[in-house]
Amino acid sequence: MISFLVALAVGFNVFVGFYYGLVNVVYSVLLALALVAILKHVKRIKYSSRYDFSSSPETPPVSVVIPAYNEEGDIVESVKSALSLNYPYFEVIVVNDGSSDGTLRRLVDSFGLRRIDLVYRDVIKTEKVRGFHYSVDFPNLIVVDKERGGKSDSLNCGVNIARSPYFCSVDADSVLERDSLLRLVAPMLESTVPVIASGGVIRAINGCTMEHGEVKKVDLPENDLAMFQIVEYLRAFLFGRVGLDVMNAVLILSGAFSLFSRAAIIEVGGYSRKNVSEDMELVVKLRKHFKKKKRPYKIKFISDPICWTEVPENLRMLGRQRRRWHLGLMQSIIQHRSVLFNPAYGKLGLIVMPYYLLVEMLSPFVEVFGYIVVVMSFFLHIISAEFFLLFLVLAVFYGIFLSTAGVFLEELTYKRYPKWGHLAKLLLFGIFENFGYRQLNSFWRVQAAANYFMGKRQWEYVMRSKNH
């Protein structure tokens, strides 16, 4: 029996070493692709005519939809930010999803809203709409009051009401940079292949100074947990998603800031109310649908449109957020499992979905149980010191390299954090996040999987600190 357990431990250690080695090769490829792509993109936008889009008659109208539930503290600044966008033709639709606080009252008072009668055509079925509010001073703003149905239901309501061919979802606690929508719509205008969706970058607003719906001064927060997330976001967006975009393999566009063809959303039946991470499920559904119909399309991630949002500053709220994200990932993959390893879906079935299954979904299990088994095996002399050192290099020190690489990509390109002190602090946290923070994230993701299999698949609400 003991010899069997030893053999099992040795086999698992070999698997962990092989898995980390393979995943790190994948991440290295993504990093290399991202570096080349971002440098080309930065050079291209210097000479791009995209700012001519702000006065071009060919620039398509966009409906900016902000779903809001109990957002009285942030909603006015978010709407002001959306209304001040540098974009020629757009409307802002705020969907009040049955808030129990003063969200609707704050909107009415701040923008001088009056109730109006409109015909609501629910092309996508939603909860009952209770009324519409319009402002004479802000003619491109409309506020919809509806019964509680969740974020997906609110977005579907926005799709129904939108009058523009493109639909941009923005979270109620988010602040957009003035040119962000121009940058986000650029692929639709520049591509010869229909671009049905595009997504931008999410940055943490914690520590920044905001005035009149605009980030006036970029700074880093004092809160350590927020700092870890800033480094994490740099890594995830600046080389993770950029690298995947080069391979046309993006499955996640952040729901806090993403642009879709309204017609395409309606074609696939809108956002799913059964998924706690509605953004990924919609992208998977779109890719699956267009591949099945054999229609040319692109889904793009662009590295320069910026949306600022508040990140959690305590472990309880961060844990809720990360469990929800991983639960949504699992729901999307399991719901669309017919695509996995299916040659009928081409790259989507043979490369893209397997990547998200074997790397994004499986990695927290390998990391959590890998640390336990490998460390125990070392102290029980089941594995050699050389193998244990190799594990640390693959699991920890290569993670440090990837985190600091994300920081350097930011410094080489967009430089949103302008001071040398910012760079030093970001690099320091890029090192420290691999000693506890990353492992804690993996633990939360394992918790999410356990919750899924126990049938606990509800949305975990994240309260914001409002310290920025």
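Our subject is the structure listed above.
Here is a short report on the structure shown in this document. For every chain, the first residue of its written sequence is number 1, and the numbers climb from 1 along that sequence. Local features in this predicted model are restricted to residues of pLDDT 70 or higher, and side-chain atom pairs are both shown and tallied only at a pLDDT of 80 or more, whereas totals for entire chains, interfaces and linings draw on every residue. Neither water nor hydrogens contribute to the side-chain values; these are computed over all heavy atoms in the structure.

A few words on the nonpolar core. Residues Val64 and Val94 are the most contacted members of the largest nonpolar core, which totals 145 residues. In contact with Val64, not counting residues within four places along its chain, are Ala82, Leu85, Phe90, Glu91, Val92, Ile93, Cys168, Val170 and Leu181. As used in this record, nonpolar core signifies buried Ala, Val, Leu, Ile, Met, Phe, Trp, Tyr and Cys residues forming a set joined through side-chain atoms within 4.5 Å. Burial classification: accessible surface area is computed with a 1.4 Å probe over protein chains only, and a residue below 20% of its type maximum counts as buried, one above 50% as exposed, and the rest as partly exposed. Residues are treated as being in contact if the distance between any of their heavy atoms lies within 4.5 Å.

As a further point, take the packing of helix 12 (residues 385-412) against helix 13 (residues 420-432). The axes used here are C-alpha line fits, helices contributing only the stretch in contact, and every angle between their N-to-C directions lies in the interval 0 to 180 degrees. Comment: elements are numbered from the N terminus, with helices defined as DSSP H or I runs of at least four residues and strands as E runs of at least two. Close contact between helix 12 and helix 13 brings their axes to 8 Å; oriented N to C, the two are set at 160°. With respect to helix 13, the axis of helix 12 lies roughly antiparallel. Considering only the axes of helix 12 and helix 13, their crossing is right-handed. In contact with Ile400, Ser403, Thr404, Val407, Phe408 and Glu411 of helix 12, helix 13 contributes Leu423, Leu426, Leu427, Gly430 and Ile431. Roughly parallel covers angles under 35 degrees, roughly antiparallel covers those over 145, roughly perpendicular covers 65 to 115, and oblique covers all other angles. Handedness of a helix crossing follows the sense of rotation of the near helix relative to the far helix, less than a right angle counterclockwise being left-handed and clockwise being right-handed.

Time to look at the sheet that holds strand 11 (residues 257-261). For two strands to pair, DSSP has to find at least two bridges joining them. Spatially, the 10 strands line up as an open sheet ordered 3-4-5-2-1-6-11-8-12-7, and their pairing is mixed. In the strand order of this sheet, the two ends are held by strand 3 (113-116) and strand 7 (174-176), each with one partner. The sheet shows a mean angle of 30° between the axes of neighbouring strands, taken without regard to direction. With 3 bridges connecting them, strand 8 (residues 195-204) and strand 11 associate as antiparallel partners. Bridge pairing in strand 11 links Ala197 to Phe260.

In this description, the term disulfide denotes a pair of cysteine sulfurs within 2.5 Å. For the coordinates displayed, the defined rule picks out 0 disulfides. Free of any disulfide, Cys157 has its nearest cysteine sulfur in Cys168, 17 Å distant. Looking at Cys157, the relative accessible area reads 0%, which means it is buried. Cys307 carries a free sulfur, and the closest cysteine sulfur to it, the one in Cys168, is 8.5 Å from it.

Another aspect to go through is helix 8 (residues 278-292). By this rule, a helix spans an expected 1.5 Å times one less than how many residues it contains. Taking 1.5 Å of rise per residue, the 15 residues of helix 8 would be expected to cover 21 Å, and the 21 Å separating its terminal C-alpha atoms lies within 8% of that figure. Counting buried positions along helix 8 gives 13 out of 15 residues, so the element sits mostly inside the fold.

Glancing now at a nonpolar patch on the surface. Among the surface-exposed residues, Leu389, Val393, Phe397, Leu428, Ile431, Phe432 and Phe435 lie close enough to one another that they form a single nonpolar patch of about 650 Å² accessible area. Only helix 12 and helix 13 provide two or more residues apiece to the nonpolar patch. Inspection of the secondary structure puts Leu428 in helix 13. Given the relative accessible area of 41%, Leu428 is considered partly exposed. Only residues whose relative accessible area exceeds 30% and that form no salt bridge enter a patch; like-charged residues are grouped when within 9 Å of one another, and nonpolar side chains (Val, Leu, Ile, Met, Phe, Trp, Tyr) when within 5 Å. The accessible surface values rely on the Shrake-Rupley method and a 1.4 Å probe; as for residues, cover is taken only from the protein chains in view. A carboxyl oxygen of Asp or Glu within 4 Å of a side-chain nitrogen of Lys or Arg is what we treat as a salt bridge.

We now examine the pairing of strand 11. With 5 of 5 residues buried, strand 11 lies mostly within the body of the structure. The side-chain alternation of strand 11 yields two buried faces, one formed by Phe257, Leu259 and Ser261 and the other by Ser258 and Phe260.

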